[in-house]
Structure formats: C-alpha cells, structure tokens
Amino acid sequence: MMTFQELNISEPILRALAEKAYETPTPIQEKAIPVALRGKDLLGTAQTGTGKTAAFAIPIIQQLARQGVSGKRREITALVLTPTRELAAQIGDCFQDYARHTGVRHTVIFGGVKQKSQTDALARGVDVLVATPGRLNDLMNQGFIRLDNVRHFVLDEADRMLDMGFIADIKRLLPKLPKEKQTLFFSATMPPAIADLARTILRNPVKVEVTPVASVVDTIEQHLYLVEKEQKKELLISLLKREREKSVLVFSRTKHGADRIARILTRAGIGSEAIHGDKSQGARERALANFKSGKTRVMIATDIAARGIDIVDLPLVINYDLPDVPETYVHRIGRTGRAGNAGTALTFCSREEQVMMRDIQKLTGKKLRPVTLEAR
Ligand code: AMP
C-alpha cells in the first residue's frame with residue numbers, strides 16, 4: 001500500500017494528515033495527487049466519499065505553499081467551485097485542516113446567508129476561495145472579487161452543477177479566469193454535456209477514474225434488521241454469539257459509540273476492541289494486528305479509522321448504526337467480500353434511520369427486505 005510520503009507531500013501537510021488520522025491515501029488520492037502536483041490538468045471521475053476533496057486540496061495547498069504565501073498581499077490564487085453550500089463548507093473544512101501548518105489562507109462563500117462576513121474575509125485577503133456559482137457571480141458583479149491571479153481552478157461535482165442549472169454561470173465565469181492556469185475537473189458521472197464542458201476547459205488532461213462505489217455491492221450478501229435503538233445491543237450480542245468463529249468488523253458512526261459497544265461486548269464476554277481517531281497510532285496498530293491475527297474476534301471502528309483496514313478474508317461486517325452519507329455504507333460493506341471471498345453485511349436500522357436507509361438503497365439500486373426478528 002502506498003503512503004502519503006511516497007506521494008511527495010510536504011512535511012507541514014503530512015503533519016496535518018497525521019493529525020487527521022489519515023493513514024494511507026485513497027485510490028483517487030494516489031492517482032490524482034502526483035498528476036496535480038506536476039501542474040497538469042486533471043479530469044477525475046469520482047464521487048463524494050472517495051476522498052476526492054483531499055485529492056485536489058492537498059496538491060493546491062502544496063503548490064501555493066511552495067510559491068510562498070506569507071508576507072505579500074494575498075490574492076485569490078486558487079478557486080474551487082462547487083454546487084452546494086454544504087459541499088462548499090465541507091471543502092472549506094478540508095482546506096482548514098490540511099493547510100493549518102502552511103500559512104495558506106482560504107475562505108468560503110455561498111448564498112442564502114448575509115454577505116457581510118464573506119466580503120470582510122475577502123477584504124482581509126485569501127489565497128484560496130471556495131465558492132458556489134451564484135454567490136461568486138454576485139460578489140464579482142459587486143466588485144468584491146477579482147480572479148486575475150487565479151493559477152489553480154477546481155470544478156467540483158460538475159454533473160451536479162449541470163443538474164442544478166449552473167452550467168451557464170460557469171460558462172460566463174470562464175473568460176474571467178486567466179488563460180494560464182491549472183484546472184482540476186471532477187464529476188461523479190460523465191454525461192455528454194459534461195464531457196463537452198471538460199473538453200473545452202481542460203488542456204491535455206490526465207484522466208483519473210475510481211470505480212463508482214455503488215458497484216462493489218453485488219458480491220456481498222446484505223441483510224437489514226429493523227430494530228429499535230434500545231434493541232441493538234441485544235441483537236449484536238446474540239448475533240455474535242451465534243457466529244462463533246468469525247472475524248467481525250462492527251461500524252459505529254461515532255468514537256463514543258465505538259467505545260460504548262466495546263464495553264457492552266466485553267461485559268457480555270465477547271472479546272472486542274475499538275479503534276478510532278482518539279486512540280494513539282500505536283494503539284490502533286496494535287488493535288489492527290490483533291484483529292488480523294484473529295486474536296481479537298470483533299473490532300469496532302469508526303468510518304475514518306476503518307479507512308486503513310484492509311483484510312482480505314473478512315466474512316462479516318455489521319453496521320451498528322447508519323452512516324451520514326450513503327456512499328459510506330458502500331465503503332463499509334466493501335470491507336467484506338474481497339478478492340472473491342464470500343461476504344455478508346448486516347445493518348441495524350432504527351426508526352429514525354429509515355430515511356437514510358432509503359437513500360442508501362437508492363444509491364446501491366438494491367432493495368433489501370428486512371429480516372424479521374421473530375423468524376430468526
Ligand atoms: P470526500 O470524498 O472528499 O468527501 O471524503 C470523504 C471522507 O473521507 C471525508 O470525511 C474525509 O475526511 C475522509 N478522508 C479523505 N481522505 C482520507 C484518507 N486518506 N484517510 C482517511 N480518511 C480520509
């Protein structure tokens with residue numbers, strides 16, 4: 001497996017990634033970061049949940065830090081366009097996290113809120129601007145934003161931009177950007193209108209694609225348990241007692257939840273360990289080694305901590321709760337059923353979580369019939 005060091009990421013960023021408990025690059029990061037660091041244009045087919053934000057944010061931060069950002073008057077040198085305010089905020093958080101030791105400064109602008117704090121931040125000077133198209137146009141028309149110094153341009157979720165009717169805005173914006181720049185173009189899908197747009201914007205792009213996450217699922221047997229929140233621990237204990245010899249990975253959305261599940265299982269006499277970002281690197285590595293060797297039968301992990309887990313023969317994954325984004329479900333269950341092995345994924349879904357389960361089934365295109373508890 002590749003490391004971030006091997007991607008030639010600079011020390012201040014490596015330190016920030018370690019603090020985020022990122023252990024290894026995701027496939028899109030492995031492919032996109034070296035290309036972007038060379039200053040090339042990039043056409044990336046990747047969905048949210050693949051780690052694509054870091055795939056463009058890291059090389060941009062590194063290139064800006066190399067050009068030297070401290071001291072001089074800051075001008076917008078990188079522009080990231082994204083369709084929704086949620087995405088804009090998330091991307092802003094990523095820049096915040098990854099750039100914290102570099103001195104690279106960013107701000108986020110989007111519509112639906114007053115513009116004053118946004119224009120104040122712009123007036124103080126930023127290196128990176130993350131924006132939704134509407135508010136960007138708005139503030140440009142009012143003279144708050146100049147883009148003539150942009151050297152790096154990211155178009156994020158282009159297909160969603162199309163769905164949301166932003167393509168005209170983007171076409172209007174393009175002539176206002178300098179010709180000489182690097183463009184990183186990301187889309188989950190490539191319908192003809194998006195492929196055309198990419199062709200007009202990009203210069204000799206390197207194409208990078210990660211398999212759409214939703215396709216993993218077919219090889220994995222999925223079962224859905226509709227249970228009340230309070231019933232989950234009983235159900236987990238009884239399932240684990242039944243499946244005696246198997247290695248089981250249990251997912252928890254929160255660190256706190258992971259610790260609580262571990263305590264409940266220990267009390268029930270089931271050997272388990274929790275791993276998450278609050279544990280030291282050493283503790284996580286030890287837990288992982290114990291799990292891989294079979295010494296610990298049950299591992300409870302948060303989504304972030306589980307990124308580094310790659311076990312070929314993992315027969316069973318249990319979703320103790322549902323993740324916030326549907327794509328994460330696909331990543332979770334993709335831990336099992338690797339390399340042609342059989343895999344089973346069980347999901348505990350409470351009444352409050354049924355909306356999320358609906359979104360998941362829409363993403364995977366697979367309708368699950370709930371297992372009735374009495375019939376087991
Ligand atoms: P994205 O696809 O950019 O929305 O990222 C999905 C999630 O994965 C975010 O919560 C990131 O913080 C997280 N993430 C991105 N890259 C890594 C990595 N290399 N290791 C662990 N987590 C990551």
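For the structure given in this document, a descriptive report is provided here. (Residues numbered from 1 in each chain as written. Predicted model: local features only at pLDDT ≥ 70, side-chain atom pairs only at ≥ 80, totals over all residues. Heavy atoms only, no water.)

## Here we look at a positive patch on the surface
Here comes step 1: Where like charges cluster on the molecular surface, the positive patch consists of Lys229, Lys233, Arg260, Arg263 and Arg267.
Here comes step 2: Sort the elements by how many residues they give to the positive patch and helix α11 (residues 255–267) lands first, with three residues.
Here comes step 3: With respect to the helices and strands, the residue arginine 260 is situated in helix α11. (Patch = residues over 30% accessible without salt bridge, like charges linked within 9 Å, V, L, I, M, F, W, Y side chains within 5 Å. Areas by Shrake-Rupley, 256 points an atom, 1.4 Å probe, with all protein chains shown as cover. Salt bridge = Lys/Arg side-chain N within 4 Å of Asp/Glu carboxyl O. Lys, Arg positive; Asp, Glu negative; His and termini not counted. Charge placed at Lys NZ, Arg CZ, Asp CG, Glu CD. Helix = DSSP H or I, 4+ residues; strand = E, 2+ residues; numbered from the N terminus.)

## Observations regarding the packing of helix α14 (residues 326–333) against helix α15 (residues 354–364)
Here comes step 1: Contact geometry for α14 and α15: axes closest at 8 Å, N-to-C directions at 70 degrees. Classified by the interaxial angle, the pair formed by α14 and α15 is roughly perpendicular. Crossing angle aside, the handedness with which α14 passes α15 is right-handed. Residues Pro326, Glu327, Tyr329 and Val330 of α14 form the contact with α15, whose participating residues are Met357, Asp359, Ile360, Leu363 and Thr364.
Here comes step 2: In terms of residue class, the contact of α14 with α15 is built from six nonpolar, one polar and two charged. (Axes fitted to C-alpha atoms, helices over the stretch in contact; angles between N-to-C directions. Parallel < 35°, antiparallel > 145°, perpendicular 65-115°, else oblique. Left-handed = near helix turned anticlockwise from the far one by under 90°. Contact = heavy atoms within 4.5 Å. Nonpolar A, V, L, I, M, F, W, Y, C, P; charged D, E, K, R; others polar.)

## Here we look at the nonpolar core
Here comes step 1: Formed by 40 residues in total, the largest nonpolar core has its most connected members in Ile9, Phe56 and Phe95.
Here comes step 2: Elements with a minimum of two residues in this core: α1 (11–19), α2 (27–37), α3 (52–67), β2 (78–81), α4 (85–98), β4 (128–131) and β6 (182–187).
Here comes step 3: Here this core gets eight residues from one element, more than from any other, and that element is α3.
Here comes step 4: In contact with phenylalanine 56, other than residues within four places in its own chain, are Val80, Ile91, Phe95, Val154, Asp156, Leu184 and Phe186.
Here comes step 5: Formed by 30 residues, the second largest nonpolar core is a distinct cluster that contains Leu147, Phe166, Leu197 and Ile201. (Core = buried A, V, L, I, M, F, W, Y, C linked by side-chain atoms within 4.5 Å. Buried < 20%, exposed > 50% of the residue type's maximum accessible area, 1.4 Å probe, protein only.)

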